[in-house]
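Coordinates in review
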Amino acid sequence: MCLALPARVVTMDGNGMATVSLGGITKEISMILVENVEAGDFVLVHAGYALARISQEEARRTLSLMAEAGLSESGAL
Amino acid sequence: MRYVDEFRQAHLARGLAGAIAREADPERQYRLMEFCGGHTHAIFRHGIQDLMPENVHFLHGPGCPVCVLPMGRVDHAIQLVERHDVILCTYGDMLRVPGRGRGTLLKIKAEGGDVRMVYSTLDALRIARDNPRREVVFFAIGFETTAPATAVALSQARAEGLENFSVFCNHVLTPAAMRGLLASSSGPVSIDGFLGPAHVSAIIGSRPYEFVAREFRRPVVIAGFEPLDIMQSVFMLVRQLNAGRHEVENEYTRVVTREGNAKAQALVSEVFGVRHAFEWRGLGQVPRSALRIKEGYGAHDAERRFTVFSRGNPPDARGCECPSILRGVKKPTDCKLFGRGCSPDHPIGACMVSSEGACAAYWRYRRFRRPSVVAESPAVL
Ligand code: SF4
């Protein structure tokens, strides 16, 4: 029920709507719940609405934390 | 970056599995509750339990809206169709949830009731516009993730003067349920820490969980729904527990902030207030745990608009252990009906209906469980 999928904003269509690409499928969704989103950004889509913008910078940071955790100690001795 | 495959990379999963194994103290047990059904589903789907050391346990929480909705509410929805002849719109998950006497919306539909599955509240509004002479009710369920979409529909309906559109509101609140669980967990279940909601937190932020750390001294890590997110969050929880810390940490920073989505929150509080209490399957009456439609939108509130006949909540089907499963006290395999009478094709309890329900997750993935998912699929989990 809380499932939400990352999608890339293809065009902002005005009227609070946008066309997004969800794994190759394009879809018209509402942007009324988010601010400061532009074409090219990724958003999280839930039941026809964008809920949040996904931060690429934070995603990269999380991935490097994960990599770092995996290396912890295994490198020691 | 596509934000899916990157968070399923097998080499990172192996690294994290190693890190958790090294970090977990063999002298103690780690009982971690994943609040959300979305996490439960992902844990099973990706075989994450198999990557954990023996002493790290997942307790499955009540974060499955379909599972916690008491049967009486399903009966109300059925009555709206049967007695008031409305077009009832709802998300697909709700159609197969049994009410009294195992009646479901799907059955009502098969018997000619006008029940329509919608993907979005935008579809429900469209149905109301297209059928001006019919009453159209949106049967709204879900946590804070889903409530903003309902709020938009209500404000849109009022702005347009869409008089035939109303909402049967069953939105429930996550932090209140966590409090309910912890306050009653003097019972048999003990929870050492929480994997906190992902998409709920995208809306409300991580701040509303701070009481869990402050008052109940349990750590919370807001965790994304991808397998690596879950593993990293377990790692963070184990570290907090080892250090004797209890804080709210955020693993899912690419989406969640402490403050959440202010625009969505404003819309929700414009339209909804908080109910005094609401009944949850498994938790009973939980104070301030659900939303109600405010007076100003009362014309679009199905509970004000239609009289339904309340016979209270019928007891759960005999033998169904959903209530204990939703509190993390029992596992689906503890239920005598699991796989013997109850399966996703013939669900007896709600926990077998939704793919987020613990019973459905066990049924679907556990029987096909392999010792190590990672070793077999080197590219992605
Ligand atoms: S297996 Fe079926 S009957 Fe048993 S607890 Fe789960 S949903 Fe209820």
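Quick note: structure is the one above.
Residues numbered from 1 in each chain as written. Chains lettered and ligands numbered in written order. Predicted model: local features only at pLDDT ≥ 70, side-chain atom pairs only at ≥ 80, totals over all residues.

**Comments concerning the overall build of chain B**
Scanning chain B for helices and strands turns up 16 helices and 13 strands. At 21 Å, chain B has a C-alpha radius of gyration in line with the 21 Å of a compact globule built from 381 residues. Principal axes of the C-alpha set define a box for chain B whose edges measure 65 × 45 × 45 Å. Among the 381 residues that make up chain B, the fraction classed as buried is 55%. Sequence separation of 24 or more characterises 77% of the internal contacts of chain B that already satisfy a separation of 6 or more. (Helix = DSSP H or I, 4+ residues; strand = E, 2+ residues; numbered from the N terminus. Rg over C-alpha atoms; globule rule 2.2 N^0.38 Å. Buried ≥ 20, exposed ≤ 12 C-beta atoms within 10 Å, placed from the backbone. Contact = placed C-beta atoms within 7 Å.)

**Here we look at the environment of Ile29(A)**
Residue and element names in this part refer to chain A. With respect to the helices and strands, the residue Ile29 is situated in strand β3 (residues 25–30). Ile29 sits 18 residues away from Thr11 along the chain, and the two C-alpha atoms are 11 Å apart. The contacts of Ile29, once residues within four sequence positions are left out, are Met17, Ala18, Val20, Val45, Gly48, Tyr49 and Ala50.

**What about the sheet that holds strand β7 (residues 193–196) of chain B?**
Hydrogen bonds along the backbone pair up the strands of a sheet, which may run parallel or antiparallel. Residues and elements named next belong to chain B. On the basis of which strands lie adjacent, the open sheet formed by 5 strands has the order β2-β1-β7-β8-β9 and parallel pairing. Each edge of the sheet is formed by a strand with only one pairing partner; in this case those strands are β2 (56–63) and β9 (248–250). Direction aside, the axes of adjacent strands within the sheet are offset by 25 degrees on average. Judged from the 6 bridges that link them, strand β1 (residues 30–36) and β2 form a sheet pairing that is parallel. (Pairing = 2+ DSSP bridges. Axes fitted to C-alpha atoms, helices over the stretch in contact; angles between N-to-C directions.)

**Let's talk about the environment of Arg129(B)**
Residue and element names in this part refer to chain B. Along the chain, the position of Arg129 falls in helix α6 (residues 121–130). Classification of Arg129 by C-beta neighbours within 10 Å gives partly exposed; the count is 14. Residues Arg129 and Pro62 lie 67 residues apart in sequence; the distance between their C-alpha atoms is 36 Å.

**Side note on the pairing of strand β12 (residues 284–287) of chain B**
In terms of strand pairing, strand β11 (residues 277–280) of chain B meets β12(B) through 4 bridges, oriented antiparallel. Each bridged residue has a counterpart across the sheet, and for Trp280(B) the counterpart in β12(B) is Gly284(B).

**Some details on the nonpolar core**
In this structure, Val43(A), Leu16(B) and Ile20(B) are the most contacted members of the largest nonpolar core, which totals 156 residues. With 9 residues, helix α11 (residues 227–242) of chain B is the largest single contributor of residues to this core. Each residue touching Ile20(B), except ones within four places of it in the same chain, is listed here: Met52(B), Pro53(B), Val56(B), Met231(B), Val234(B), Phe235(B) and Val238(B). (Core = buried A, V, L, I, M, F, W, Y, C linked by C-beta atoms within 7 Å.)

**A few points about the packing of helix α1 (residues 10–23) of chain B against α11(B)**
Residues and elements named next belong to chain B. Running from N to C, α1 and α11 cross one another at 15 degrees; their axes reach a closest spacing of 10 Å. With respect to each other, α1 and α11 are oriented roughly parallel. Remark: the crossing between α1 and α11 carries left-handed chirality. Across from Leu12, Ala13, Leu16, Ala17, Ala19, Ile20 and Glu23 in α1, the residues of α11 making contact are Pro227, Leu228, Met231, Gln232, Val234, Phe235, Val238, Arg239 and Asn242. Along the lines of polarity and charge, the residues of the contact of α1 with α11 split into 12 nonpolar, 2 polar and 2 charged. (Parallel < 35°, antiparallel > 145°, perpendicular 65-115°, else oblique. Left-handed = near helix turned anticlockwise from the far one by under 90°. Nonpolar A, V, L, I, M, F, W, Y, C, P; charged D, E, K, R; others polar.)

**Observations regarding helix α4 (residues 71–84) of chain B**
Residues and elements named next belong to chain B. In this model α4 runs 19 Å from its N-terminal to its C-terminal C-alpha over 14 residues, within 8% of the 20 Å that 1.5 Å per residue would give. By the burial criterion, the buried members of α4 are Met71, Arg73, Val74, Asp75, His76, Ala77, Ile78, Leu80 and Val81. Asp85 occupies a position one or two residues after α4 and carries a positive phi of about 55 degrees. (Expected span 1.5 Å × (residues − 1).)

**Quick word on the interface of chain B and chain A**
On the chain A side, the residues contacting the 42 residues of chain B number 35 residues. Put simply, the parts of the chain that give the side of chain B that touches chain A at least two residues each are α1, α3 (65–68), α7 (147–160), α9 (199–204), α11 and α12 (262–271) of chain B. Looking at which element gives the most residues to the side of chain B that touches chain A, the answer is α1(B), with 6 residues. Partitioning the side of chain B that touches chain A into residue classes produces 22 nonpolar, 12 polar and 8 charged.

**Details of the sheet that holds strand β3 (residues 87–90) of chain B**
Residues and elements named next belong to chain B. As summarised here, the arrangement of the 4 strands in space is β4-β3-β5-β6, forming an open sheet in which the pairing is parallel. Each of the sheet's edge strands pairs with one partner strand only, and the pair in question is β4 (115–117) and β6 (165–171). Strand-to-strand twist of the sheet, defined as the mean angle between neighbouring strand axes without regard to direction, takes the value 25 degrees. Where β3 lies against β4, 3 bridges are found, and the strand directions are parallel. Bridging across to β4, Leu88 finds its partner in Val115. Set on the sheet, α4 makes contact with β3, β4, β5 (136–142) and β6; between it and β6 the angle comes to about 165 degrees. Seen against the sheet, α7 touches β5 and β6 and runs at an angle of roughly 155 degrees to β6.

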